[in-house]
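Structural overview for review
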Amino acid sequence: MAEAWWAVARSEEVTSAKPINVDIGNQPVVLWRDAQGIVRALEDRCPHRRTPLSLGCVLGNGMIQCGYHGWTYDGATGHLKDIPNLKSDVKFPPVYRAIPFAVSETGGFVRVCLDANAPAPLPAAVTLPLCGTVNVALDHEHYIAALFDDPSAVIGIRGVRFTPYLLAELAEHEGKLVLERSCQWAGLHWPSPFSSDFPITLRISTDPVTGECDLLLRDDGFHPLLSATLAPVPAARGVTQIRWRAKLSDNRPGMRAKLLGAGPPFFVRSNIDGAALRVLKPSASIHAATLRNEIAARTAAASAA
Ligand code: FES
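Given the structure is predicted, the values throughout are model-derived calculations rather than measurements.

1. Concerning the sheet that holds strand E3 (residues 27-33)
The antiparallel open sheet is built from 3 strands, whose spatial order is E2-E3-E4. Looking at strand neighbours, the two that pair on one side only are strand E2 (20-24) and strand E4 (39-43), the edges of this open sheet. Between one strand axis and the next, the sheet turns through 35° on average, direction left out of account. In terms of strand pairing, E3 meets E4 through 5 bridges, oriented antiparallel. Paired with Leu31 across the bridge in E4 is Ala41.

2. A closer look at the pairing of strand E19 (residues 240-248)
By the criterion of burial, E19 is predominantly enclosed, with 8 of the 9 residues buried. The pairing of strand E11 (residues 130-136) with E19 spans 7 bridges and is antiparallel. Residue pairing for E19: Val136 is matched across the bridge by Thr240. Where strand E18 (residues 224-234) and E19 come together, 9 bridges link them in antiparallel fashion. Note on E19: the bridge partner recorded for Leu230 is Trp244. Linking E18 to E19, which pair antiparallel, is a turn of 5 residues; within it Arg237 sits at a positive phi near 55°.

3. A word on the environment of Arg40
Here Arg40 lies in strand E4. Look at Arg40 and you get buried, because 25 C-beta atoms sit within 10 Å. Here the alpha-carbon distance between Arg40 and Pro100, two residues 60 residues apart in the chain, equals 8.2 Å. Discounting residues that sit within four places of it in the chain, Arg40 has contacts with Trp32, Asp34, Gly75, Ala76 and Val103.

Conventions we followed
Residues numbered from 1 in each chain as written. Predicted model: local features only at pLDDT ≥ 70, side-chain atom pairs only at ≥ 80, totals over all residues. Pairing = 2+ DSSP bridges. Helix = DSSP H or I, 4+ residues; strand = E, 2+ residues; numbered from the N terminus. Axes fitted to C-alpha atoms, helices over the stretch in contact; angles between N-to-C directions. Buried ≥ 20, exposed ≤ 12 C-beta atoms within 10 Å, placed from the backbone. Contact = placed C-beta atoms within 7 Å.

Such coordinate-based values are descriptive only and should not be taken to indicate function.
Here it is, written out as structure tokens:
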């Protein structure tokens, strides 16, 4: 987890006007943009009296100032730079240093790694224009499991009904957990739930550590209809914070345009139906833990060699 890159914010959410607080598990993080527009990330605790730095402000020079006694920190290093009313010949005690984290901004997401020396992640090719942020009262592991077992428990695509049928079992492909699910157009009469006509499929490609997913909805000719990235991050007290970005394909003629274009094409549920979740049987997710362990063991062996 320490070396993972977590998509903790969308680019639009981080400004130089006001610092924001995010979590990676139980680790609070403060984010803001400095005077050059670079996103900075520090532990969201002032080293002086543990006040959240996110309650402070961003100064004109791009440094962050604690709201309690006004101590000021450099975002790149976490070094203490100013204490109000301190005599000019007094040196800052080096013990007062905020913990800096590695930051990368790509594809419209701000990603943070708790290991400040981690190599940067690969840049994303595009920034998908539709976006949102949702907090759900469900822990990260169970959120991903629900997405694997029944996407409709946690997300929705306008005009599309997810079926229980998979094209194949959840499998590893190039280090990702990949699942392809048959779907139908919603609102049409289907003669039987066992209809063999599945004109659309949803491919979910998931990072085994962070659970960040690329979703691809395709028609029966394998033409893309909708692309989305879903980035769930574990937060405090069992909450999962989800940032997402999506884009409808430009080429979706006839019925597809009508159904997919009738409203917000993609949404993430903020309220999860607990009754439905309770009776949701593990299906695809039962393979995920095994695959994740295999990938983690292989990665550890490779880094030890
Ligand atoms: S608690 Fe931050 S400056 Fe005192």
